[in-house]
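Chain by chain, the residues run as shown.
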Amino acid sequence: MALSAEDKANVRSFWENIRGDIDEIGREALERTFLTFPSTKIYFPDFDLSPGSDQVRDQGSKVIIALSDAVDNMDDLEDALDALAELHAFRLRVDPINFRFLTHGMLVSMSSRYPEDFTPAVHSSMDKFLTSVSEVLTSKYR
Ligand code: HNI
């Protein structure tokens with residue numbers, strides 16, 4: 001999915017909120033995803049997935065840090081996400097549908113934590129950005 005210059009600008013400026021909120025927004029996004037789409041939990045058999053779990057918070061931070069790196073490399077997502085694409089396709093084998101579920105959890109968390117800044121235009125650009133990241137992370141499946 002191609003991101004326009006306007007999409008990139010929207011994502012960059014909204015992301016300033018996220019950089020100051022790495023642990024908590026990642027935790028909330030995962031918590032929403034696991035609660036709303038319980039089938040996503042099958043990839044974390046050894047994790048404590050209960051609300052408030054340290055493992056969920058740590059996993060959430062890892063995801064947000066990786067996304068922050070992607071925001072800094074929006075012109076070359078393939079390169080920036082190459083190692084993570086290998087990991088998710090060949091080692092973790094996450095079914096691609098789960099990326100839609102996580103994207104949904106992220107968007108809802110963003111809108112509820114930053115309602116003023118999460119305008120319809122930012123929503124649209126952020127959805128395109130997260131969809132682009134998901135496309136790269138699932139591009140090595142076949
Ligand atoms: Ni994902 C590990 C980033 C979507 C299941 N994932 C990671 C790590 C990062 C990461 C970073 C840590 C890698 C490392 O330690 O080297 N994951 C991302 C990003 C997205 C994503 C940026 C999409 C936006 N991952 C998903 C989805 C699932 C998923 C949709 C399944 C529902 N990820 C995992 C699992 C691990 C993982 C499982 C390994 C966890 C562990 O520590 O055992």
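Just above sits the structure.
Here we summarise the structure given alongside this text. It should be emphasised that the depicted structure is a prediction, and the values quoted were computed from it without experimental measurement. (Residues numbered from 1 in each chain as written. Predicted model: local features only at pLDDT ≥ 70, side-chain atom pairs only at ≥ 80, totals over all residues. Heavy atoms only, no water.)

### Concerning the coordination of the nickel atom of the ligand
- Only one protein atom coordinates the nickel atom of the ligand: His88 (NE2), located 2.2 Å from the metal.
- Here His88 shows up in helix H5 (residues 82–92). (Donors = N, O, S within 2.8 Å, 3.2 Å for Na, K, Ca; no water. Helix = DSSP H or I, 4+ residues; strand = E, 2+ residues; numbered from the N terminus.)

### Focus on the site of the ligand
- In the region of the ligand, 17 residues are neighbours, and Tyr43, Gln59, His88, Val94 and Phe99 sit closest.
- In the model, a nitrogen atom of the ligand is placed 3.5 Å from a nitrogen or oxygen of the Gln59 side chain.
- In the model, a nitrogen atom of the ligand is placed 3.0 Å from a nitrogen or oxygen of the His88 side chain.
- Sorting the residues of the shell around the ligand by element identifies helix H3 (54–72), H5 and helix H6 (97–113) as the ones contributing at least two each.
- Classifying every residue of the shell around the ligand gives twelve nonpolar, four polar and one charged. (Near = heavy atom within 4 Å. Polar contact = N/O pair within 3.5 Å; in protein donor to acceptor, adjacent residues only side chain to side chain. Nonpolar A, V, L, I, M, F, W, Y, C, P; charged D, E, K, R; others polar.)

### Some details on unusual backbone geometry
- For Arg93, which is not a glycine, the phi torsion comes out positive at approximately 50 degrees.
- If you trace the backbone, Arg93 turns up in the loop between H5 and H6.

### Considering the environment of Gln59
- Within the secondary structure, Gln59 sits in helix H3.
- Expressed as a C-alpha distance, the spacing of Gln59 and Pro96, which sit 37 residues apart in the sequence, is 18 Å.
- Setting aside its immediate chain neighbours within four residues, Gln59 contacts Leu30, Phe44 and Phe47. (Contact = heavy atoms within 4.5 Å.)

### Observations regarding the pattern of salt bridges
- Counting across every chain of the model gives 14 salt bridges.
- The salt bridge partner of Lys8 is Asp75, with a shortest N-O separation of 2.6 Å. Remark: Asp75 occurs in the loop between H3 and helix H4 (77–80) and Lys8 occurs in helix H1 (residues 5–19); sequence separation between them is 67 residues.
- Look at Lys8 and you get buried, because its relative accessible area is 18%.
- Close ionic contact of Glu28 with Arg32 constitutes a salt bridge, the shortest N to O distance being 2.8 Å. Of the two residues, Glu28 and Arg32 both sit in helix H2 (residues 22–36), four residues apart, roughly one turn of that helix. (Salt bridge = Lys/Arg side-chain N within 4 Å of Asp/Glu carboxyl O. Buried < 20%, exposed > 50% of the residue type's maximum accessible area, 1.4 Å probe, protein only.)

### Some thoughts on the packing of H1 against helix H7 (residues 120–137)
- Where H1 contacts H7, the axes come no closer than 9 Å and their chain directions differ by 100 degrees. Taken as axis vectors, H1 and H7 run roughly perpendicular relative to one another. Of the residues in H7, those touching H1 at Glu6, Asp7, Asn10, Val11, Phe14 and Trp15 are Ala121, Val122, Ser125, Met126, Lys128 and Phe129. (Axes fitted to C-alpha atoms, helices over the stretch in contact; angles between N-to-C directions. Parallel < 35°, antiparallel > 145°, perpendicular 65-115°, else oblique.)

### A look at the packing of aromatic side chains
- Tallied over the full model, the rule gives six aromatic pairs.
- Measuring from centroid to centroid gives 4.3 Å for Phe37 and Phe101, while their planes differ by 10 degrees, and the two rings are stacked. Taken together, the residues Phe37 in the loop between H2 and H3 and Phe101 in helix H6 connect sequence positions 64 residues apart.
- Plain terms: the ring middles of Phe44 and Phe47 are 5.1 Å apart, the flat faces sit at 70 degrees to each other, and that makes the pair edge-to-face.
- On the accessibility criterion, Phe44 (18% relative accessible area) is buried.
- A network of ring pairs unites the aromatic residues Phe14, Tyr114 and Phe118 as a single cluster. (Phe/Tyr/Trp six-rings, centres within 6.5 Å; stacked < 30°, edge-to-face > 60°.)

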